[in-house]
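What follows is the residue order along each chain.
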Amino acid sequence: MKKIEAIIKPFKLDEVKEALHDIGISGITVIEAKGFGRQKGHTELYRGAEYVVDFVPKVKIEVVIEDDQAERAVEAIKNAAHTGRIGDGKIFVSHIEEAIRIRTGETGNDAV
């Protein structure tokens, strides 16, 4: 099993969710996040005063899927989240040793 974590711009969430649904992935976890990478935040003007916004609002999506779905899921997220501008985000793929469904005790791919 693979875990895909994607950090994307908040307004791209619906497009990414639809892209994952279209390839047969229905279970996702969404977390509101703040952070920065190369973008290093930005400055804003509020009531005539300029201030630095260090942390940019982002959304983190987590999906645990079978190994054979990973490549398609990464492509779907990449295509749906792409704007071509700085701050589009990142995708991380990691291996999952085990998954257990608490309600039924199912393990492995059955739990996902």
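Residues numbered from 1 in each chain as written. Predicted model: local features only at pLDDT ≥ 70, side-chain atom pairs only at ≥ 80, totals over all residues. Heavy atoms only, no water.

A word on the packing of helix 1 (residues 13-22) against helix 2 (residues 70-81). Closest axis-to-axis distance for the helix 1/helix 2 pair is 8 Å, and the angle between their directions is 150°. Taken as axis vectors, helix 1 and helix 2 run roughly antiparallel relative to one another. As for how helix 1 packs across helix 2, the hand of that crossing is right-handed. Along its contact with helix 1, which presents Glu15, Val16, Ala19 and Leu20, the element helix 2 presents Ala73, Ala76, Ile77, Ala80 and Ala81. By residue class, the composition of the contact of helix 1 with helix 2 is eight nonpolar, no polar and one charged. (Axes fitted to C-alpha atoms, helices over the stretch in contact; angles between N-to-C directions. Helix = DSSP H or I, 4+ residues; strand = E, 2+ residues; numbered from the N terminus. Parallel < 35°, antiparallel > 145°, perpendicular 65-115°, else oblique. Left-handed = near helix turned anticlockwise from the far one by under 90°. Contact = heavy atoms within 4.5 Å. Nonpolar A, V, L, I, M, F, W, Y, C, P; charged D, E, K, R; others polar.)

Per the counting criterion, the structure on display carries seven salt bridges. The partner of Lys3 in a salt bridge is Glu62, and the shortest N-O contact between them spans 3.9 Å. You can see Lys3 sitting in strand 1 (residues 2-8) and its partner Glu62 sitting in strand 5 (residues 56-65), a full 59 residues away along the chain. The residue Glu106 makes a salt bridge to Arg101 at a minimum N-O spacing of 2.9 Å. According to the relative accessible area criterion, Arg101 is partly exposed, its value standing at 28%. Put simply, Lys3, Glu5, Lys60 and Glu62 are held in one network by salt bridges that share partners. (Salt bridge = Lys/Arg side-chain N within 4 Å of Asp/Glu carboxyl O. Buried < 20%, exposed > 50% of the residue type's maximum accessible area, 1.4 Å probe, protein only.)

Attention now goes to helix 2. Compared with the 16 Å implied by 1.5 Å per residue over 12 residues, the 16 Å span of helix 2 between its first and last C-alpha is a close match. Residues of helix 2 that are buried: Ala70, Ala73, Ala76, Ile77, Ala80 and Ala81. All buried residues of helix 2 fall inside an arc of 130° around its axis, so they share one side. Exposed positions of helix 2 whose direction lies more than 90 degrees from the buried face are Glu71 and Asn79. Buried residues belonging to helix 2 abut strand 1, helix 1, strand 5 and strand 6 (89-95). (Expected span 1.5 Å × (residues − 1). Arc of directions from axis to C-beta.)

Attention shifts here to the side chain of Lys12. Here Lys12 is to be found in the loop between strand 1 and helix 1. Discounting chain neighbours no more than four positions away, the residues touching Lys12 are Ala80, Ala81, His82 and Thr83.

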